[in-house]
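Close look at the chain arrangement
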Amino acid sequence: MLAVVLSLAAAAAFAAAAMLIDSVSGRVGPLQLSRWQMSLAFLMTAAIVLVTGSWRTLDLPMVLWLTASSASGIMIGTLTYIATIQYTGPRISALLFTTASPFALVLGFGFRGETVNLTQAAGVGLIVAGIAFAVIGPKQDEGARTPKPLWIGISLGLLTSFVQALGSLLARPAMLAGADPVAAMLVRSGTGALFFVALLALPALRPAALPLRPEIHRIGLSALAGMVVGMSFLMAALARGDVGIVTTLSSTTPILILPMVWAVYRRVPGLLAWVGAAMAVAGTALISLP
């Protein structure tokens, strides 16, 4: 049950981070945004780990597992995530990313022997379907501004889901061995920050201008909510629950963001969003059953 709570808390933190970054992402490019988020998250987690001394919970095998997790879920996953949105737009991308749950279930079973019962499987199915309902609607996709081959976007979206699920799987051995969640995020965010800073060596990937001070402030708050709090919750959940279940529950961000959008922007979710939310709640209840 604690893994369920932690996974949903992670999804709520991711939703809050998305709300904080919404007004910035239009002007700040996705690579630059990722670079600032990772770098600020690394500084925050480093401060926490130094104060608490939780770095002592890490050993070399844990660091290697967490570095591999970052390479898959953060480095590759972020690049393919950006490319997917450019090819398909945000709405189709969101649908494609729901496949992270079945990927995680298959990987968890294949590499760790993790299984789910029929009730949990039904819960996973309801949540995935609920997320799909929540992100579709009557509006046309506002993404990809120029026509691009859809099959490439679909392939990139599936690859993104796979490497993110693989990233969670690779982090699980370190978390089961007793790694502190914040210390684990220190390794993951530090590795990711180094990668995105290294990309500055390529002239084509250098930003035209730095973010403004108010934008850096919002990026910092987003990094605190999503990368520090949310990902630490996710790491803690992986120490207590199966990869497939944790991945499914932590992917309910599109559901949890609905009441936030309603409260902040006064935009009432549509009927399909309500249906999706109800399905996700029902699915969570099934997963939570003893």
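This text goes with the structure placed above it.
Residues numbered from 1 in each chain as written. Predicted model: local features only at pLDDT ≥ 70, side-chain atom pairs only at ≥ 80, totals over all residues. Heavy atoms only, no water.

A closer look at the side chain of Ser54
Basically, it comes down to this: Secondary structure elements follow DSSP: runs of H or I no shorter than four residues count as helices, runs of E no shorter than two count as strands, and numbering proceeds from the N terminus. In protein, a polar contact means a hydrogen-donor-capable atom and an acceptor-capable atom, both N or O and within 3.5 Å, with residues adjacent in sequence counting only if both atoms are side-chain atoms; elsewhere, any N or O pair within 3.5 Å suffices. For this analysis, residues touch if any pair of their heavy atoms sits within 4.5 Å.
Tracing the chain through its elements places Ser54 in the loop between helix H2 (30-52) and helix H3 (60-88). Within polar-contact distance, the side chain of Ser54 engages the side chain of Thr52 at 3.1 Å. Side-chain polar atoms of Ser54 contact the side chain of Asp180, separated by 3.4 Å. Excluding residues that lie within four positions of it along the chain, Ser54 makes contacts with Val49, Asp180 and Ala183.

A short note on helix H9 (residues 213-238)
Quick reminder of the rule: In this scheme, a helix's expected span is set at 1.5 Å multiplied by one less than its residue total. A residue's bend is the angle separating two fitted axes: one through the seven residues that end there, the other through the seven that start there.
Over its 26 residues, H9 runs 35 Å from end to end, which matches the ideal 38 Å to within 8%, given 1.5 Å per residue. The principal kink in H9, of about 30 degrees, is found at Ala223.

Observations regarding the nonpolar core
The nonpolar side chains of a soluble globular protein tend to be buried, and buried together. To keep it simple, the criterion reads: The nonpolar core is taken to be a set of buried Ala, Val, Leu, Ile, Met, Phe, Trp, Tyr and Cys residues, with the residues joined through side-chain atoms within 4.5 Å. Only protein chains enter the area calculation, which uses a 1.4 Å probe; residues under 20% of their type maximum are buried, those over 50% are exposed, and those in between are partly exposed.
If you look at the biggest cluster of nonpolar residues, it comprises 30 residues, and the most contacted ones within it are Leu58, Leu66, Met235 and Leu238. Put simply, the parts of the chain that give this core at least two residues each are helix H1 (2-25), H2, H3, helix H5 (100-112), helix H7 (150-176), helix H8 (181-198), H9 and helix H10 (243-250). Non-local contacts of Met235, meaning those with residues more than four positions away in its chain, are made with Ala171, Met175, Pro181, Ala184, Met185 and Arg188. With 17 residues, the next largest nonpolar core counts Val24, Ala41, Met227 and Val228 among its residues.

A few points about the packing of helix H6 (residues 118-135) against H10
Note the following rule: Here an axis means a line fitted to C-alpha atoms, over the contact stretch when the element is a helix, while the angle between two N-to-C directions is reported on a 0 to 180 degree scale. Roughly parallel means an angle under 35 degrees; roughly antiparallel, over 145; roughly perpendicular, 65 to 115; everything else is oblique. A clockwise turn of the near helix away from the far one marks a right-handed crossing, whereas an anticlockwise turn of less than a right angle marks a left-handed crossing.
Running from amino to carboxyl end, H6 crosses H10 at an angle of 30 degrees, the nearest separation of the two axes being 10 Å. As far as their axial angle goes, H10 and H6 are roughly parallel. Crossing angle aside, the handedness with which H6 passes H10 is left-handed. Two secondary-structure elements touch here, H6 through Gln120, Val124 and Ile127 and H10 through Ile245, Thr248 and Leu249.

Remarks on the environment of Ile85
Secondary-structure assignment places Ile85 in helix H3. Given the relative accessible area of 26%, Ile85 is considered partly exposed. Considered as a pair, Ile85 and Ile154 are 69 residues apart in the sequence and their alpha carbons are 9.9 Å apart.

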